[in-house]
Every structure is written in structure tokens, then in C-alpha cells.
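# Geometric and topological summary
Here is what each chain is made of, one letter per residue.
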Amino acid sequence: SILKSSSFPLAEILTTLLELGNRAMGCPVEIEFAVNLAHKPGDLAEFGFLQIRPMTIEASAMDIDDLLERADPSTVLCRSALALGRGRIRDIRDVVYVKPDGFDRSATNEIAAEIEEFNGDLAREGAGYLLIGPGRWGTADPWLGIPVLWRQISGARTIIETDLEDVPVTPSEGTHFFQNLTSFGIGYFHVNRGEDSGSVDFEWLDRQPALRESAHLRHLRLEKPLEIWVDGRSRRGLVLREDPGSD
């Protein structure tokens, strides 16, 4: 009713701000706002402009279906039917993942602290990495995933969250935490093996020599960079261990 009525010019304000943001940043933008509506005659309504972010993610002409058809199945490290982002994420040779064997949901705060340490070391090297773990990343409930803050995973270029075997967990998309990830061009994959919405080849990961290992994490440094592709239109994502060919 607010958009259809003339009680408050919300549509006109948003259109103007999006156009101004597009011109200022040179790309499409997303904004956050808050409005206090007038509740009685004589009161003034208020519009609060909270945040603006660019929506620039590398575009790619390659279709995920075409890539899957061409790729050797043995090279697929991860596939997801619930992915966010768009384009190709390059030059990722480091993988940090939570050990799936013996994962204890009561230890997620400890895991978050270990991830912060690994993240800090990789950030000092300038090495972006692929982060894999169970449950919801950035959750407020430590029993539903890893309760990390943004600064603890700031070096991750792609994040994969897998399902918990004993508790159904909905994807984290839609939260402010993950809106920031997609705005910064960070790929996000949700894998629910029970619903066949994707897979992660943990057996291959476990066979690789670890550059570093802690109580709950393994850090791999691969000889060849991963090929990470996200098609936000179809919500599909793919991580390959080999280059699928030229662009």
C-alpha cells in the first residue's frame, strides 16, 4: 500500500538514490534504508539512508550446465544447487576445511577461534582461500554452525557450508552477513547431501597433504589453483580441481 499510495514517496526516493549510486560508483548498487511513517496528521515521515554497496561480480559467459558436461566428473571438488554470486573466482590454491570426522557441535566456538588464526596468517600472505565447514556460517546459535564474525573469515574468497547429519539447517542466505559476502564478490555454496543439492569430495581433501593442521581444521595448499564458477541465475555453483578449458 505504501508503494501504491501517495502517502509517502518511497518509490521515487529509492529510484533517485539507486540512480545516483549507479552514477557515483559506476555500477549497479544495492542500498539499505529505514523509514518512520507519520502516524497522525501533522507528523513528519522520515527516510533514513543506511548503507550503499556496489553489486560488481565478475560476469562469465560460461554456463554451469555446459561446464558440467565438459568437465571430468573426477575433477569435481564441489557442486551446489544453492549458490549465490556470479562469475569465475580465480587463483585459489588454499583450502581450509573443518574435519568432518569427529565433528562436535559443542566445539564450534573453538573452531571459530582456530579459523580466525588461520585466516590471519593467510591474510598476511595475501592468499585468498576456500573455506568449507558444517552448518551455518556466522550463526548466532553455536549449535547450528560455526559462529564466526566477518573479521574471522575476511580472507575467504569462497565459502561452502554443508549440512549437519543430525539437525536440519536451512541455508544462511538472506542474512546481512551473507549479503555482505555476495557484495564483495565472495562465492557462497550450500550443500545438502540429503536433498541431493550438492556434494563435497571430502575423501579427496583428506588424501591431500596438509600444509597445516589443528585440532579441528586442515589447511591445504594445492599445486594448481581451483576453478570456481557461480551462476546466480540458475543458483548453481561448481568447484573444479582442474582447468576446464579456455574462457
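Read on for a plain summary of the structure. Worth saying up front: this structure is predicted, and the values here are computed from it rather than measured.

Judged by nonpolar contacts, the single largest core of 22 residues is most densely connected at V95, L130, I132, I160, L205, L226 and V239. Elements that contribute at least two residues to this core include exactly β3 (76-80), β5 (87-98), β6 (129-134), β10 (187-191), α5 (202-207) and β13 (217-231). Tallying contributions element by element places β13 first for this core, with 5 residues. When near neighbours in sequence (up to four residues on either side) are disregarded, L205 contacts L77, V95, Y97, I132, V200, R218 and L220. If you look at the next biggest cluster of nonpolar residues, it comprises 19 residues, including V96, I159, L181 and I186.

Moving on, we come to helix α1 (residues 10-25). Because an α-helix completes one turn every 3.6 residues, residues spaced three or four positions apart along the sequence face the same direction. The end-to-end C-alpha distance of α1 is 22 Å, a good match for the 22 Å that 16 residues give at a rise of 1.5 Å each. Contact partners of the buried residues in α1: β1 (29-36) and β2 (46-54).

Counted according to the given criterion, the structure contains 10 salt bridges. With its nearest N and O atoms 2.4 Å apart, the salt bridge here joins D121 to R212. One end of the pair, D121, is in helix α3 (residues 108-125); the other, R212, is in strand β12 (residues 212-213), and 91 residues separate them in sequence. The salt bridge partner of E125 is R221, with a shortest N-O separation of 2.8 Å. One end of the pair, E125, is in helix α3; the other, R221, is in strand β13, and 96 residues separate them in sequence. For R221, a relative accessible area of 32% translates into the label partly exposed. Here the residues in one salt-bridge network are E117, D121, R124 and R212, joined through shared partners.

Tracing the chain through its elements places H219 in strand β13. Setting aside its immediate chain neighbours within four residues, H219 contacts D94, V95, V96, F118, L122, A210, L211 and R212.

Definitions and cut-offs
- Residues numbered from 1 in each chain as written.
- Predicted model: local features only at pLDDT ≥ 70, side-chain atom pairs only at ≥ 80, totals over all residues.
- Heavy atoms only, no water.
- Core = buried A, V, L, I, M, F, W, Y, C linked by side-chain atoms within 4.5 Å.
- Buried < 20%, exposed > 50% of the residue type's maximum accessible area, 1.4 Å probe, protein only.
- Helix = DSSP H or I, 4+ residues; strand = E, 2+ residues; numbered from the N terminus.
- Contact = heavy atoms within 4.5 Å.
- Expected span 1.5 Å × (residues − 1).
- Salt bridge = Lys/Arg side-chain N within 4 Å of Asp/Glu carboxyl O.

Nothing here speaks to function; it is geometry throughout.
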